[in-house]
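Chain and residue survey
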Amino acid sequence: MRHIIVVVALLFSTMLTAQILEPVKWEFQTEKLSEDEYQLKFIALVDDNWAIYSQDIPEYGPIPTSFDFDKSDAFTLVDNVVESDVNKVTKHDSVFDMTLSKFYKRAEFTQIVKLSNPNTSITGTLNFMTCDDKRCLPPTDVPFEFRLTDDKVENIPSFNIGNSQILDPVLWEFETNKVSEDEYDIIFKANIEDTWAVYSQFVEEGGPLPTIFNFQESANYQLINSVVESDENKVTKHDKVFDMEVSKFYNQATFTQRIKVIGNQFDIDGFIEYMTCDDEQCIFKPDNPFAFSYSTEEGLVAVSDNEDFFPNPTISNTEDTNISLYGMSVSDMSKSDINCNLEGGATVSNVEEQGKSLWSIFGLGFLGGLLALLTPCVFPMIPLTVSFFTKKGDNPKSSGVSKALLYGFFIFAVYVVLSVPFHLLDSVNPDILNEISTNVVLNVIFFIIFVFFAFSFFGYYELTLPARWTNRTTQGENIGGVLGIFFMALTLAIVSFSCTGPILGSLLAGSLTADGGAWQLTAGMAGFGVSLGLPFALFAMFPNMLNALPKSGGWLNTTKVVLGFLELALAFKFLSNADLVQHWGVLKIEVFLGLWIVIFAGLALYIFGKVKFPHDSPIRKLSFFRVASGILVAAFVVYLASGFRVNKETDTFTSLTLLSGLTPPVGYSFLKPNECPNNLDCFKDLKTGIAHAKKVNKPIILDFTGYACVNCRKMEEHVWPLPSIDKYLRNDYVLISLYVDDKKELAESERIEVPRINGGTRTLKNYGHKWAHYQTQFFKTNSQPYYVLLSPDGTKILNQPVGYTPDEEAYTKFLECGLNVFNKTNKTDFSITP
């Protein structure tokens with residue numbers, strides 16, 4: 001019951017707000033109590049009006065605050081975590097209907113530990129739930145770590161970045177496990193910050209970068225098979241940007257490599273390459289070192305970060321290195337004194353893309369219900385059912401109205417109840433609905449099913465549920481009372497399945513996304529049920545309105561056939577999904593548009609009476625409505641054909657805005673494939689781009705991107721082509737795109753050791769390393785996409801850089817701002833005469 005209340009609270013929270021809330025921030029402190037005892041402090045700083053709950057919560061209440069310490073022989077917990085009474089308030093909670101203890105503004109929890117090893121780490125996870133007066137946020141896991149070195153305890157809040165823009169959302173741990181006398185398992189654990197993910201080792205070509213483990217070759221040990229990744233926390237779903245199924249890990253990923261020992265004493269070292277992304281940005285981490293030491297006395301053990309394994313050589317002249325690599329040093333960089341970012345920095349805000357709301361899904365369901373009302377399975381039932389209610393009983397009007405209202409409610413309830421099993425699936429795997437709707441095999445099956453539905457609507461055969469279902473529900477109607485009315489509603493749902501099933505299936509398959517999960521399914525079902533049930537209640541309340549209804553006739557079958565054409569068109573959308581994911585190259589934009597043109601041209605001919613189906617009535621005269629509908633469909637065919645127009649500026653087919661998300665991308669083409677984004681003039685080398693900018697005396701837009709960067713593709717395909725933005729990129733700026741995941745190897749002269757921004761060193765091996773180092777050293781950030789406007793010589797930052805900014809107005813202002821600064825500043829300061 002407690003979890004049901006929590007889910008309901010979270011549902012209303014999602015409906016009320018779409019912004020990301022983080023009302024609780026955690027701090028970690030330590031205090032030495034004796035030679036071998038320390039007190040660990042967990043301090044929660046809580047925003048105004050918000051509260052977190054105590055550790056001691058009655059059954060069926062909210063989620064309590066809890067602390068889970070990873071087991072270790074190096075320390076012992078002394079008693080349990082103790083919570084301070086300061087800021088604790090105990091009072092009755094109206095939502096959970098019980099007396100609860102919660103903390104406002106600040107909460108402090110302490111745990112005493114006794115050390116048996118002076119050099120160790122204490123790790124674990126705390127879990128808490130926070131609410132204000134209107135909403136609750138989901139229970140949140142916060143990893144923590146305290147590193148102990150002799151008399152020093154260093155508290156390390158996991159993933160705490162502070163004010164730095166250098167993101168490090170993944171923390172790696174290394175362990176070993178002895179399997180036999182000469183075999184060991186090396187275990188790599190990636191602890192991943194909330195909302196971030198690490199990709200699997202197995203990713204198809206053209207997708208994001210996989211996780212790769214590189215071992216230094218040695219005759220002292222032998223790798224047994226390949227690295228094995230655990231399925232725990234792995235989610236496999238369709239990525240609409242890469243158009244393929246991608247497997248990724250949330251919260252934690254575990255990889256295991258078995259080795260066979262050959263030598264008596266040796267070291268194992270290497271590095272991990274991986275990519276991590278959240279909903280807005282991606283980070284490529286190309287060289288994360290690991291080291292293990294083996295001896296016959298101690299066996300195989302993980303080695304901590306030290307100079308023996310990870311040397312930190314002194315780099316003679318970092319400035320000279322940067323000049324050699326990039327033609328400038330960090331000290332050469334400057335910022336413009338002119339500030340043109342307006343309206344509170346609107347141009348620098350990352351705008352979060354929002355999915356479909358529950359209300360929009362409800363509206364789509366409602367629309368689908370209205371279409372179902374116009375089918376021969378449902379429409380004739382309206383006057384019959386309303387007459388049955390209004391003519392029965394001693395007081396037919398009042399009794400009939402109440403029964404009709406109840407009948408309408410039960411129709412609504414039947415469809416909502418059908419979504420309940422999906423909530424059970426959703427609780428097991430939150431992405432299961434998205435997997436169902438995007439799986440390649442299932443998309444092919446959906447294609448076949450929808451074609452089958454379409455020909456049923458055309459009248460070649462009828463789809464019905466088993467007759468015994470109808471018989472049993474009909475028998476239930478004889479019970480009478482409320483239960484009898486329920487069985488009447490259930491009977492309607494069953495007998496109308498041949499008309500309602502395909503409509504509802506099409507609607508929901510097209511509207512479900514992973515973000516909304518089963519709740520979107522419920523919203524769609526609810527809208528569909530309301531739309532079906534509402535007419536019965538309204539006509540029972542106002543029976544004179546029945547006279548305004550058109551009589552049943554051939555137009556009902558016409559509606560059914562029209563829906564059949566729509567089903568057939570949607571069937572090819574499912575096949576297109578599979579084609580994009582598998583890169584079959586069959587349903588590219590030309591073929592897809594051609595098929596839709598044929599389908600909707602056939603629909604237009606049918607409406608004009610040129611095509612007949614089995615149950616069609618003879619058409620003696622075309623009505624005005626039928627002629628108008630035929631003209632609209634014909635106009636839509638012309639609109640589809642306009643998709644073959646070539647955009648002369650981008651040299652691609654013209655994107656059909658009304659069908660965004662239904663047709664394949666315009667770049668997925670036989671005749672006009674995309675090379676550079678929108679066929680812009682772009683440079684992929686910094687020095688070459690700067691030389692061109694100096695020559696033409698134009699400012700630079702520096703685009704830190706990646707081949708496997710999801711939001712980079714979104715910006716290039718959906719934001720850059722907009723006319724207000726394209727004109728700047730095409731005419732006023734020199735575009736330099738630097739791919740931080742480019743694996744092309746550097747020349748030997750550029751394969752040098754450079755310092756990391758957070759300490760330590762790295763060796764630049766490929767162009768991705770080179771551009772990632774440039775981004776972190778010069779701009780103190782490591783996320784993509786990231787856009788910087790520079791002077792032609794690349795040394796002056798014109799305005800505040802931005803990241804993922806899908807809002808047209810905000811990104812336009814960003815470009816205008818940089819151009820205005822460039823124009824207001826003496827251009828000769830930026831240009832160099834050849």
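Further remarks concern the overall build of the chain. When you go through the chain residue by residue, the secondary structure sums to 20 helices and 33 strands. Within the chain, the proportion of its 834 residues that are buried is 49%. Taking the contacts inside the chain whose residues are at least 6 apart along the sequence as the reference set, 70% of them involve residues at least 24 apart. As displayed, the chain offers around 40600 Å² of accessible surface, 55% of which is attributable to carbon and sulfur atoms.

Before going further, it helps to examine the nonpolar core. Counting 36 residues, the largest nonpolar core has Leu686, Leu702, Ile736, Tyr774, Phe779 and Leu790 as the members making the most contacts within it. At six residues, helix 19 (residues 767-779) tops the list of elements feeding residues into this core. With near-sequence residues (within four places) excluded, Tyr774 lies in contact with Tyr326, Met328, Leu686, Leu702, Phe704, Leu738, Phe779 and Leu790. Of all hydrophobic cores here, the second largest spans 31 residues; its members include Phe458, Phe592, Ile607 and Phe613.

Counted according to the given criterion, the structure contains 55 aromatic pairs. On the numbers, 6.2 Å between centres and 35° between planes, the contact of Trp26 with Phe109 is tilted. In this pair, Trp26 sits in strand 1 (residues 24-32) while Phe109 sits in strand 8 (residues 106-115), placing the two residues 83 residues apart along the sequence. Residue Phe109 is classed as buried on the basis of its relative accessible area of 0%. Taken together, a centroid distance of 4.9 Å and an interplanar angle of 50° make the contact between Phe42 and Phe67 tilted. Placement of the pair is Phe42 in strand 2 (residues 37-46) and Phe67 in strand 4 (residues 66-69), with a sequence separation of 25 residues. The exposure class assigned to Phe42 is buried, which follows from its relative accessible area of 0%. Above the face of the Tyr606 ring, Arg626 is positioned so that its terminal group lies 5.6 Å from the ring centre.

Here we come to unusual backbone geometry. Residues apart from glycine generally show negative phi values, whereas peptide bonds are mostly found in trans. The phi angle at Asp79 is positive, at roughly 60°, despite the residue not being glycine. Structurally, Asp79 can be placed in strand 5 (residues 75-83).

Okay, the pairing of strand 21 (residues 265-277) next. Among the 13 residues in strand 21, ten count as buried, and that is most of the element. Bridge count between strand 15 (residues 197-199) and strand 21: two bridges; the pairing is antiparallel. From the neighbouring strand, Val198 faces strand 21, where its bridge partner is Thr276. In this sheet, strand 21 lies alongside strand 16 (residues 212-215) in antiparallel orientation, the contact comprising four bridges. Counterpart to Asn214 in the pairing with strand 21 is Phe271.

Turning our attention to helix 19. Along an α-helix, a turn takes 3.6 residues, which lines up residues three or four apart on a common side. Between the first and last C-alpha of helix 19 there are 18 Å, a value that for 13 residues agrees with the 18 Å anticipated at 1.5 Å per step. Count one or two residues on from helix 19 and you reach Lys780, which has phi positive near 55°.

Another point: the sheet that holds strand 3 (residues 51-53). Taking strand neighbours across the sheet as the criterion, the four strands line up as 6-7-3-10 in an open arrangement whose pairing is antiparallel. Since the sheet does not close on itself, it has two edges, and those belong to strand 6 (88-93) and strand 10 (130-131), each with one partner. As paired elements, strand 3 and strand 10 share two bridges and run antiparallel to each other. Counterpart to Ala51 in the pairing with strand 10 is Cys131.

Taken together, the four strands give an open sheet; going across it, the order is 1-2-8-5, and neighbouring strands pair in antiparallel fashion. Both edges of this open sheet fall to strand 1 and strand 5, since each of them pairs with a single strand only. With direction set aside, neighbouring strand axes in the sheet form an average angle of 20°.

This part takes up the confidence of the model for the chain. Looking at the chain as a whole, the pLDDT averages 75, with 70% of positions reaching at least 70. When mean pLDDT is compared element by element in the chain, strand 20 (residues 252-261) scores highest at 94, while helix 1 (residues 2-16) scores lowest at 38. Note that residues 305-316 has pLDDT below 50 and, in this model, 20 contacts with residues that lie over four places away or in other chains.

Turning next to the packing of helix 18 (residues 723-731) against helix 20 (residues 808-824). As a packed pair, helix 18 and helix 20 sit with axes 9 Å apart at the nearest point and diverge in direction by 30°. On the basis of their axis angle, the class for helix 18 and helix 20 is roughly parallel. Read as a crossing pair, helix 18 and helix 20 show a hand that is left-handed. On helix 20, the residues touching Ser724, Ile725, Tyr728 and Leu729 of helix 18 are Glu808, Tyr811, Thr812, Leu815, Glu816 and Leu819. Residues of the contact of helix 18 with helix 20, tallied by class, amount to six nonpolar, two polar and two charged.

What follows covers the pattern of salt bridges. Across all of its chains, the model carries 13 salt bridges by this definition. A salt bridge links Lys41 to Glu31, with the shortest nitrogen-to-oxygen separation between them at 3.4 Å. One end of the pair, Lys41, is in strand 2; the other, Glu31, is in strand 1, with ten residues separating them in the sequence. Linking Lys770 and Glu750 is a salt bridge whose minimum nitrogen-to-oxygen distance equals 3.0 Å.

On to the side chain of Ser54, then. Within the secondary structure layout, Ser54 lies in the loop between strand 3 and strand 4. Engagement of the side chain of Ser54 in a polar contact is seen with the side chain of Glu83, the distance being 2.6 Å.

Considering the arrangement of structural elements, one finds Phe455 in helix 8 (residues 440-457). Given the relative accessible area of 34%, Phe455 is considered partly exposed. Taking the C-alpha atoms as reference points, Phe455 and Gly564, 109 residues apart in sequence, are found 6.7 Å from one another. Aside from chain neighbours lying at most four places away, what touches Phe455 is Tyr460 and Tyr461.

Turning our eyes to something else, we now look at the packing of helix 14 (residues 589-607) against helix 15 (residues 624-641). Relative orientation of the contacting elements helix 14 and helix 15 amounts to 165°, with a least axis distance of 9 Å. Between helix 14 and helix 15, the angle is such that the two are roughly antiparallel. Once helix 14 is placed against helix 15, the crossing between them reads as left-handed. Residues Leu593, Trp596, Ile597, Phe600, Ala601, Leu603, Ala604, Tyr606 and Ile607 of helix 14 touch helix 15, and the partners they reach there are Arg626, Ser629, Gly630, Val633, Ala634, Phe636, Val637, Leu640 and Ala641. Here the contact of helix 14 with helix 15 is composed, by residue class, of 15 nonpolar, two polar and one charged.

Along the chain, Glu83 falls in strand 5. Given a relative accessible area of 12%, Glu83 falls into the buried group. Polar side-chain contacts of Glu83 include one of 2.9 Å to the backbone nitrogen of Gln55.

Rules of the game
Residues numbered from 1 in each chain as written. Predicted model: local features only at pLDDT ≥ 70, side-chain atom pairs only at ≥ 80, totals over all residues. Heavy atoms only, no water. Helix = DSSP H or I, 4+ residues; strand = E, 2+ residues; numbered from the N terminus. Buried < 20%, exposed > 50% of the residue type's maximum accessible area, 1.4 Å probe, protein only. Contact = heavy atoms within 4.5 Å. Areas by Shrake-Rupley, 256 points an atom, 1.4 Å probe, with all protein chains shown as cover. Core = buried A, V, L, I, M, F, W, Y, C linked by side-chain atoms within 4.5 Å. Phe/Tyr/Trp six-rings, centres within 6.5 Å; stacked < 30°, edge-to-face > 60°. Lys NZ or Arg CZ within 6 Å of the ring centre and 35° of its normal. Pairing = 2+ DSSP bridges. Expected span 1.5 Å × (residues − 1). Axes fitted to C-alpha atoms, helices over the stretch in contact; angles between N-to-C directions. pLDDT = per-residue confidence, 0-100. Parallel < 35°, antiparallel > 145°, perpendicular 65-115°, else oblique. Left-handed = near helix turned anticlockwise from the far one by under 90°. Nonpolar A, V, L, I, M, F, W, Y, C, P; charged D, E, K, R; others polar. Salt bridge = Lys/Arg side-chain N within 4 Å of Asp/Glu carboxyl O. Polar contact = N/O pair within 3.5 Å; in protein donor to acceptor, adjacent residues only side chain to side chain.

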